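What follows is each chain in one-letter form.
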Amino acid sequence: MDETNSIDELYREEIMDHYQNPRNFGKIRDADVSYQDYNPVCGDEITMQLRMENGTVKEPMFTGKGCAISQAAASMLTEEIRGKSAREIVAMKQDEMLKIIRINPGPVRIKCAMLALRAVQKGIVRYEAKKQMVS
Ligand code: FES
């Protein structure tokens, strides 16, 4: 096995570890941000929830069911966004998500990798809009 293959293998193992032992998995009662999204191609789904404090993520959690990449990406994303501001998260792009999961899933599975980020971004946008309505 050459070095590139063994690094790929390591990252793949990391994905499987997050899939089998998801971090921050569960529900937040009275979450500030809560958004369920799904991949229409396969039906896999993710619900992202956040408790916010002073505009930043205090507690991120997720639940979902689906393929290893979608669930592992959600788990890895929750670790990444703790302490980040709503604005920073909404501005995150595909390449940042790929850096977080450290594999290139290819054109077909890219939707799997992006499901959690899209869900949390939509949730934050909705949360911010609601806040503006009441203020
Ligand atoms: Fe459904 Fe990956 S195959 S999200």
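### Regarding the overall build of the protein
Logical step 1: Helices and strands together make up the secondary structure of the protein, namely five helices and three strands.
Logical step 2: Starting at the N terminus and ending at the C terminus, the protein contains elements arranged as α-β-β-β-α-α-α-α.
Logical step 3: Since a compact globule built from 135 residues should have a radius of gyration of about 14 Å, the 15 Å found for the protein is in line with a globular shape.
Logical step 4: Reported as C-alpha extents along the three principal axes, the dimensions of the protein are approximately 60 × 30 × 25 Å.
Logical step 5: In the protein, the proportion of contacts linking residues at least 24 apart, taken out of those at least 6 apart, comes to 60%.
Logical step 6: As displayed, the protein has an accessible area near 8,000 Å², and 49% of this comes from carbon and sulfur atoms.

### A short note on a negative patch on the surface
Logical step 1: A cluster of acidic residues, Asp2, Glu3, Asp8, Glu9 and Glu13, forms a negative patch at the surface.
Logical step 2: Inspection of the secondary structure puts Asp8 in helix H1 (residues 3-20).
Logical step 3: The class for Asp8 is partly exposed, based on a relative accessible area of 31%.

### Points about the packing of helix H2 (residues 68-81) against helix H5 (residues 106-134)
Logical step 1: Direction vectors running N to C along H2 and H5 enclose 40 degrees, while the axes themselves pass 8 Å from each other. What the angle tells us is that H2 and H5 run oblique. Crossing geometry of H2 relative to H5 is assigned as right-handed. The segment H2 lies against H5, with Ile69, Ser70, Ala73, Ala74, Leu77 and Ile81 engaging Arg109, Cys112, Ala113, Leu115, Ala116, Leu117 and Val120.

### Points about the sheet that holds strand E3 (residues 56-65)
Logical step 1: With antiparallel pairing, the three strands of this open sheet are ordered in space as E1-E2-E3. Because the sheet does not close on itself, it has two edges, and the strands there are strand E1 (33-38) and E3. The average undirected angle you get between the axes of adjacent strands in this sheet is 15 degrees.
Logical step 2: Pairing analysis gives nine bridges linking strand E2 (residues 45-53) to E3, with the strands arranged antiparallel. What sits directly across from Arg51, in E3, is Glu59.
Logical step 3: Relative to the sheet, H2 contacts E2 and E3, its axis offset from that of E3 by approximately 170 degrees.

### Some thoughts on H5
Logical step 1: With 29 residues, H5 should reach 42 Å at 1.5 Å per residue; the first-to-last C-alpha distance of 42 Å fits that figure.
Logical step 2: Met114 marks the point of greatest bend in H5, at about 45 degrees.

### Looking at the pattern of salt bridges
Logical step 1: If you walk through the whole model with that rule in mind, you get seven salt bridges.
Logical step 2: Across the pair Glu45 and Lys65 runs a salt bridge, and its minimum N-O distance is 4.0 Å. Placement of Glu45 in strand E2 and of Lys65 in strand E3 is noted, with a sequence separation of 20 residues between them.
Logical step 3: Note that Glu80 is salt-bridged to Lys84, the shortest N-O span being 3.8 Å.

### Structural notes on the nonpolar core
Logical step 1: The biggest cluster of nonpolar side chains holds 36 residues, and the ones touching the most others in it are Met48, Leu50, Leu77, Ile81, Met97, Ile101 and Val120.
Logical step 2: Within the residue set of this core, elements represented by two or more residues are E1, E2, E3, H2, helix H3 (86-90), helix H4 (94-101) and H5.
Logical step 3: Among the elements that take part in this core, H5 stands out by supplying eleven residues, more than any other.
Logical step 4: Once you skip the residues sitting within four places of it in the chain, Leu50 turns out to touch Ile28, Ala31, Asp32, Val33, Val57, Glu59, Pro60, Ile81, Val120 and Ile124.

Quick notes on the rules
Residues numbered from 1 in each chain as written. Predicted model: local features only at pLDDT ≥ 70, side-chain atom pairs only at ≥ 80, totals over all residues. Heavy atoms only, no water. Helix = DSSP H or I, 4+ residues; strand = E, 2+ residues; numbered from the N terminus. Rg over C-alpha atoms; globule rule 2.2 N^0.38 Å. Contact = heavy atoms within 4.5 Å. Areas by Shrake-Rupley, 256 points an atom, 1.4 Å probe, with all protein chains shown as cover. Patch = residues over 30% accessible without salt bridge, like charges linked within 9 Å, V, L, I, M, F, W, Y side chains within 5 Å. Salt bridge = Lys/Arg side-chain N within 4 Å of Asp/Glu carboxyl O. Lys, Arg positive; Asp, Glu negative; His and termini not counted. Charge placed at Lys NZ, Arg CZ, Asp CG, Glu CD. Buried < 20%, exposed > 50% of the residue type's maximum accessible area, 1.4 Å probe, protein only. Axes fitted to C-alpha atoms, helices over the stretch in contact; angles between N-to-C directions. Parallel < 35°, antiparallel > 145°, perpendicular 65-115°, else oblique. Left-handed = near helix turned anticlockwise from the far one by under 90°. Pairing = 2+ DSSP bridges. Expected span 1.5 Å × (residues − 1). Bend = angle between axes of the 7 residues up to and from the residue. Core = buried A, V, L, I, M, F, W, Y, C linked by side-chain atoms within 4.5 Å.

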